[in-house]
2 protein chains.
Amino acid sequence: MNHAALESGVPGSSIARTLDLIGDRWTLLVLRAVFRGRHRFTELQRDLGIARNLLTDRLHRLVDNGILERVPYQERPVRHEYRLTDMGRDLSPALIAFMQWGDRWCTDGPPPTVLVHDACGTPIEHTVRCPSCDDVLDPREIASRDNG
Amino acid sequence: MNHAALESGVPGSSIARTLDLIGDRWTLLVLRAVFRGRHRFTELQRDLGIARNLLTDRLHRLVDNGILERVPYQERPVRHEYRLTDMGRDLSPALIAFMQWGDRWCTDGPPPTVLVHDACGTPIEHTVRCPSCDDVLDPREIASRDNG
DNA sequence: CAGTATCCTCGAGGATACTG
DNA sequence: CAGTATCCTCGAGGATACTG
């Protein structure tokens, strides 16, 4: 998909722009690892089994796009680790939604990882609500409205 | 990323399995179009600007994986359209989460598309809750627990 | 440890002609 | 209309050697 196709075919799609940033084969996996507390290059590389040059590239892109930030954790020699920015942390609902979908539909056994409220240990719930009706919505009750 | 790398590097990741199904450059865009009411081959092809052989391939894979179903809408000649299954409809929270993230972080102007509760027209809200505490959770309050 | 620099392969994506 | 069949290109991903 080239950029022209994007412009003409899927104008103004937030999904398309989002895919441009994180829609490759590794970025979401890198982010998931950072969410789970892996912050250093070698940790990430070992955990994911990603090629080193690719990890370098993905981390740089994530930093350039404001999703991660590179912060020093020691001097002499200076070493950095990668932390989520607010923008990155805000990807959490999307990541969670994908995990839950995979848990529900792509496995036979119990979900390999369960997300819990750390204060009480209860598995979390992921909902779409109407703030005005105060109702949890079914996908069929959702419409899309174009601005423009 | 080959399959061996996936197995060894990211064992049991629901995200990895989900990406195997829908993690390419077009599938999510196709699904978004189906969610928005495009159900026929030519509608999808024109709207997305996707190459015809790619659209054929993506639709077949989505049908094979149980995300879409192919239902006839006329006979002589028989024609089909593509409809979401329950499995496909259940991707809605993930799609919505991505759109909202893109709306918030990848645009300057107003969001190009707003999702609304069709009964009352109010823009929807997307939350992670703890069903036991009945609280909306911040990403920092979420922990992940591995099942062995 | 945390990368950078090279080189290579293979397959995803695309253009286009053809068909019941 | 709704595809299938071919052929091609280019870039994502990967292996590996090197470095402050």
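The numbers attached to residues start from 1 for each chain and follow its sequence in the written order. Going through the entries in the order they are written, you letter the chains from A and number the ligands from 1. With pLDDT at 70 or above as the cut-off, local features in this predicted model cover only qualifying residues; side-chain atom pairs require 80 or more to be listed or tallied, and sums for whole chains, interfaces and linings still use all residues. Where side-chain values are given, they derive from all heavy atoms of the structure, hydrogens and water being excluded.

**Examining the overall build of chain A**
Definition in use: Counting from the N terminus, the helices are DSSP H or I runs at least four residues long and the strands are E runs at least two residues long. Our radius of gyration looks at C-alpha atoms and nothing else; its globule reference is 2.2 Å times the residue count to the power 0.38. Throughout, exposure labels follow a simple rule: accessible area from a 1.4 Å probe, protein chains only, divided by the maximum for the residue type, with under 20% read as buried, over 50% as exposed, and the rest as partly exposed. Contact definition: two residues touch when any of their heavy atoms are within 4.5 Å.
Looking only at helices and strands, one finds seven helices and six strands in chain A. The linear arrangement of helices and strands in chain A, starting from the amino end, is α-α-α-α-α-β-β-α-α-β-β-β-β. Expected size for 148 residues packed as a compact globule is a radius of gyration near 15 Å; at 18 Å, chain A overshoots this value by more than 25%. Expressed as a percentage of the 148 residues in chain A, the buried residues total 47%. Partitioning the contacts of chain A with sequence separation of at least 6, the portion at a separation of at least 24 is 35%.

**Points about the environment of E43 of chain A**
Residue and element names in this part refer to chain A. Going by this rule: N or O atoms within 3.5 Å of each other form a polar contact, as long as, within protein, one can give a hydrogen and the other can take it, and as long as residues adjacent in sequence are counted only when both atoms are side-chain atoms.
Here E43 is to be found in helix α4 (residues 41-48). When the C-alpha positions of E43 and T122 are compared, they lie 29 Å apart, and in sequence the two are 79 residues distant. With sequence-adjacent residues up to four places away left out, E43 is seen in contact with G37 and R38. One polar contact links the side chain of E43 to the main-chain amide nitrogen of R40, over a distance of 3.1 Å.

**Thoughts on the sheet that holds strand β5 (residues 135-136) of chain B**
Our working rule: Pairing between strands is defined by DSSP: at least two bridges between the two strands are required. In this analysis, axes come from line fits to C-alpha atoms, helices being fitted only over the stretch in contact, and the angle between any two N-to-C directions falls in the range 0 to 180 degrees.
Across the sheet, which stays open at both edges, the four strands sit in the order β5(A)-β4(A)-β4(B)-β5(B) with antiparallel pairing between neighbours. With partners counted over all chains shown, the strands left at the sheet margins are β5 (135-136) of chain A together with β5 of chain B, one partner each. Pairing analysis gives five bridges linking strand β4 (residues 125-130) of chain A to strand β4 (residues 125-130) of chain B, with the strands arranged antiparallel. When the sheet's bridge partners are listed, V128 of chain A is paired in β4 of chain B with H126 of chain B. Sheet contacts for helix α7 (residues 92-105) of chain A: β4 of chain A together with β4 of chain B; angle to β4 of chain A, the most-contacted strand, approximately 115 degrees.

**Thoughts on the side chain of R58 of chain A**
Residues and elements named next belong to chain A. Tracing the sequence through the fold places R58 in helix α5 (residues 52-64). When its relative accessible area of 13% is taken as the criterion, R58 is described as buried. Once residues lying within four places of it in the same chain are set aside, the contact partners of R58 are D24, W26 and T27.

**Here's the deal with the packing of aromatic side chains**
Applicable threshold: Stacked, tilted and edge-to-face pairs are distinguished by plane angle, under 30 degrees for stacked and over 60 for edge-to-face with tilted covering the rest, among Phe, Tyr and Trp rings (Trp via its six-membered ring) whose centres lie within 6.5 Å. Remark: a charge is flagged as sitting over a ring if the NZ atom of Lys or the CZ atom of Arg is within 6 Å of the ring centre and within 35 degrees of the ring normal.
According to the stated counting rule, one finds one aromatic pair over all chains in the structure shown. Judged by centre distance (5.3 Å) and plane angle (55 degrees), the ring pair of F98 of chain A and F98 of chain B falls under tilted. Residue F98 of chain A is located in helix α7, and its partner F98 of chain B is located in helix α7 (residues 92-105); the two belong to separate chains. Of the residues examined, F98 of chain B reaches a relative accessible area of 5% and is grouped as buried. Residue placement shows R40 of chain B over the ring face of Y73 of chain B; its charged tip is 3.5 Å from the ring centre.

**Some words on the pattern of salt bridges**
Residue and element names in this part refer to chain A. In plain terms, the rule: Basic side-chain nitrogens of Lys or Arg form a salt bridge, by our definition, when they fall within 4 Å of a carboxyl oxygen of Asp or Glu.
Under the defined criterion, the tally for this structure stands at 23 salt bridges over all chains. As a salt-bridge pair, R38 and D47 come within 2.3 Å of each other at their nearest N and O atoms. On the basis of relative accessibility, which here comes to 32%, the residue R38 falls in the partly exposed class. D47 gets classed as partly exposed once you look at its relative accessible area, which sits at 26%. Several salt bridges converge on common partners, so that one network encompasses D24, D57 and R58.

**Let's talk about the relation of the copies chain B and chain A**
Just so we agree on the cut-off: Fitting of the copies onto one another was done by least squares over C-alpha atoms, counting residues only where both copies have pLDDT of at least 70.
Structural alignment of chain B on chain A gives an RMSD of 0.0 Å, achieved by rotating through 180 degrees and translating 0.0 Å along the axis. Here the transformation between the copies is reduced to the relation of a two-fold axis. Interface overlap between copies: 100% of the residues of chain B at the interface are likewise at the interface in chain A, consistent with a symmetric, same-surface contact.

**Here's the deal with the interface of chain B and chain A**
What counts here: For any pair of parts, buried area is found by adding up, for both, the accessible area (1.4 Å probe) each one loses once the two are put together.
Listed by partner, the interface residues are 77 residues for chain B and 78 residues for chain A. Across the interface of chain B and chain A, roughly 7,700 Å² is buried in total on both sides, 62% from carbon and sulfur atoms. It is R25, F98 and W101 of chain B in chain B that bury the most area against chain A; as a group they hold 10% of the surface buried on that side. For the pair chain B and chain A, the number of links is six salt bridges. Our enumeration of links across chain B and chain A arrives at 26 residue pairs in polar contact (both at pLDDT 80 or more). Element by element, the count of residues in the side of chain B that touches chain A is highest for α7 of chain B, at 13 residues.

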